[in-house]
Each structure stands twice: as C-alpha cells, then as structure tokens.
Amino acid sequence: MGAAMRRIHVGNALSAFGLGFTVPYLYVYVAQVRGLGSMTAGLVLAVFAVAALIVLPFAGRAIVRRGPLPVLLIALVTAALGALSLGLSASAPTVLLSAAALGAGQAVMQPALATMIVDCSTTETRSRAFAMQFFLQNLGLGVGGLIGGHLVDTTSASSFTLLFAIEAAMFLVLVAVMATVRAPRAPHVEAVPGQAAGGSWKQLLGNRAMVQLCVLGFVLFFACYGQFESGLSAYGVEAAGITTSALGTALAANTLMIVIAQFAVLKFVERRKRSRVIAAVGLIWAVAWAVAGYAGLGHGSQTMATAAFISTYALFGLGEAMLSPTLAPLVADLAPTGLAGQYNSAFALVKQLALAIGPAVGGPLGASLHAPYIVAFLLFSLGITVLAVRLGRQLTDVQNQPSLARSRVVTQGRAPADAVAAAEA
C-alpha cells in the first residue's frame, strides 16, 4: 500500500466517521432539540437523499473532466459548511439548506474516493483495496456513532452545536490530508471534454453489462441496506417483539461479522468468479430472510426469536463482506478508459435511489404485513442470484475473474478488457 492509498483510506474512514457522528441524531436534533417538529425532521432526512440524487449525475462528469481530487476537496468544504451551519441553525429553512449542503457533499465524496482507489490500484490489488475501504467505512460509522452518542445531550442545543462543529473541523482536516495525495494521473480520453454533456451517459447506457450491473445493484441495496433501519427493524419490533436493546445488538452483530469476516473471505472471493460470488450472496440473504421469518412468524420462545433476528443481521454482514471486494472493482473494470468517475457516480446514484425507495416501501410493509414482507424480500434475494448469473454472461473472463489476468497494467476502467485478454493470449 503506497502513501497515496494510505491517505485515501484515511479519507474513507474519516468521511464515514463524520456520517456516523451526526446522522443518527439528526431526527432528534431537529424535531426535539430545535423544536421544529417531526415533519421538518422527516424533510431533513428526505433532503439528504434528494441532494444526493441531484448532484451525483454532475459529480461523475466533473470527476471525468477535472479529476477526483479537486471534486473531493470541493465536496469536503461543502460538507464542512453544511455541518457547521446545521449546528447553528434554529429555523426550518436554514436547517433544510444546511442539510442539503451536508448531504450533497457527503454524496460526492464516495465516487470521488472510489475513483482515486481505482487510479492508485491494479487489477491484482483492487479487490483488496476496496475490501479495506469497506472495512474502514464500517469502523468509522461504528466509532462515530458511539462517540457522538456520548457527546449529545437532548436537553442542550449547545451539545449538538459542538457535535456538528467537530464534524465540520474534521472535514477541513481531511481537506489538508487529501490535498497532499499524489495519485497517478488517470488516462485521458480526448473525446470526453469536447463531447456533449450527455455523451458519456449515452455511452454508459449503451454498455449492457454496466446497465445489468446497475439493475443488480439497485436490487442489492433495496433488499438489504434499504431495510436495515426501516422495514426489517419495524418487522422485528412489531412481529418478533424485539426490544430496542436487542435491535442495537443485531446492528452490532452485523458490524462485528463484517469486521471478522472481511479479510477471512477476501482470499476466497479473489479466486472466484465475481458473478458467482454475487449469486452466492443472494442465496445467503435468502437464508437470512427465512431466519427473520422464523423470528417473527415461527411462534417460538422470545429468546429464540431474538437469537434468530440477531442471526439475520449477522448473515447480512457476511454477504456484505463478500460484496465489498466484488462490486466496486467490477464497476471500475467495466468503465472505458478515463470514465471511471462517471461509472462510479452512476453506481452511487443507483445506490442512493435504492436507499431512498427501500425504507419508503419496506417500512410500512414490515410494520403491518409481516408474512408478505418476508416472502417479498426472500424473493428479491433469490432474484439477486438470477441477475448475477445473467450478468456473468455479459462479462469477459478477465472482468468476471481478475485472477486470470497476468498483466500488471493499471486498469482504471477498461471496457477494452477484451483487448487486454486478447493481448495476454
């Protein structure tokens, strides 16, 4: 791991730390501490999603034309201003504008950092680099939430102001750290800067493998991440009688499984076809939904129901650990030379859509229609397996199983993977 990659991983950890530091407490801060009501608090959470959906299409274009580092630095400054103003805001308009700035900045950080990882890695090291990114993101989220929870006091607005001020300062420190990164210069495609604004999007939509991967990604994020703190938790409380402390234990079990399993499964994943790894995740998650069904519908003891519910989150964590060295590197390998930023932003946009729609659909369903909820998402998980197998037919051998490649060429997105494979043959 070179100095540039170390700084990028620090950036990933600190950006996740900032997210975990404040976002879990936004609802309480807006609705109760500032006294703006649940409606405004709900709008703040919606603004986060809307801001991300607005800026991500433009972020990809900016990363392609200007490079990921300048875009990342602008995103960090924007997030810092949003965090600081959010901590000082006392009215609904200023809270919403501040949340939009913070949400937009945090949304752009991820594709920018992902593109920097692509630029600083090779085919052989990319899976490991993204596995490390996912590990540090989860660590940052967990530590940030833990520390933030001990700093806030719902009877004191100043404690929340301090929380957001620390987050803003952290983003500015991260600006100083990332400004020192000397990443390899990404390959430049002369046609990109001069083409029409929608040209790169048209090229992306013409890539059948990437379109199929985006559809698969939507289902993955909708059926897993979009349910964690909405539908699945509502189902656990209403159908399985899970207490809030047990729900917290389940979330901790998810993070613990990722921490334990991430590097244990990495070597196994690196030697397998990516499409088969994703297909296996679909099967694991189908088992997880079946276990959740037992927790709420099995009519066993409360202890067994709680154990089954915690096991559900742990099984989801195992699947996440398998996906982290698989999905993001595949996005990079499908991108034409010089367009990795565009493809990373497109995939981040798909993820954001799934995370916005997932809770809206899963929350009411999980709270009231227990059996249909479990059956529907069990079928979604099996659908992941089917979509993964179909995607495998669109990939070249090297794209599907990078361990077959012997070249050490930096493949910051290579739609020309056929050419690489042909050259190696």
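Residues numbered from 1 in each chain as written. Predicted model: local features only at pLDDT ≥ 70, side-chain atom pairs only at ≥ 80, totals over all residues. Heavy atoms only, no water.

Here's the deal with the side chain of Ser-89
So, point 1. Within the secondary structure, Ser-89 is located in the loop between α4 (68-88) and α5 (92-119).
So, point 2. Note on Ser-89: relative accessible area 5%, which makes it buried.
So, point 3. Within polar-contact distance, the side chain of Ser-89 engages the backbone oxygen of Ser-85 at 2.5 Å.
So, point 4. Residues within four places of Ser-89 in sequence aside, it is in contact with Tyr-29, Arg-34, Thr-94, Val-95 and Ser-98. (Helix = DSSP H or I, 4+ residues; strand = E, 2+ residues; numbered from the N terminus. Buried < 20%, exposed > 50% of the residue type's maximum accessible area, 1.4 Å probe, protein only. Polar contact = N/O pair within 3.5 Å; in protein donor to acceptor, adjacent residues only side chain to side chain. Contact = heavy atoms within 4.5 Å.)

Structural notes on helix α2 (residues 26-33)
So, point 1. Of the residues making up α2, those classed as buried are Leu-26, Tyr-29, Val-30, Ala-31 and Val-33.
So, point 2. As for α2, its buried residues are in contact with α1 (3-22), α3 (37-66), α4, α5 and α7 (157-178).
So, point 3. Note on α2: the residue one or two positions beyond its end, Gly-35, has a positive phi of about 65°.

Topic: the packing of aromatic side chains
So, point 1. This structure, assessed with the given rule, holds 16 aromatic pairs.
So, point 2. Aromatic side chains Phe-222 and Phe-380 sit 5.2 Å apart centroid to centroid with 70° between the ring planes, which places their arrangement in the edge-to-face category. With a gap of 158 residues between them, Phe-222 in helix α10 (residues 208-223) and Phe-380 in helix α17 (residues 370-392) connect regions that are remote in the sequence.
So, point 3. On the accessibility criterion, Phe-222 (7% relative accessible area) is buried.
So, point 4. Counting every residue linked through ring pairs, the aromatic cluster contains Phe-218, Phe-222, Tyr-235, Trp-285, Trp-289, Phe-316, Tyr-373, Phe-377 and Phe-380.
So, point 5. In this structure, Lys-351 packs its charged tip against the face of Tyr-225, placed 5.9 Å from the ring centre. (Phe/Tyr/Trp six-rings, centres within 6.5 Å; stacked < 30°, edge-to-face > 60°. Lys NZ or Arg CZ within 6 Å of the ring centre and 35° of its normal.)

Overview of the confidence of the model for the protein
So, point 1. The share of residues in the protein with pLDDT of 70 or more is 90%, and the mean pLDDT across the chain is 81.
So, point 2. A low-confidence stretch, residues 188-197 (pLDDT under 50), is modelled with 12 contacts involving residues beyond four sequence positions or located in other chains.
So, point 3. A low-confidence stretch, residues 406-425 stays under pLDDT 50, and its non-local contacts, those more than four residues away or across chains, total 50 contacts. (pLDDT = per-residue confidence, 0-100.)

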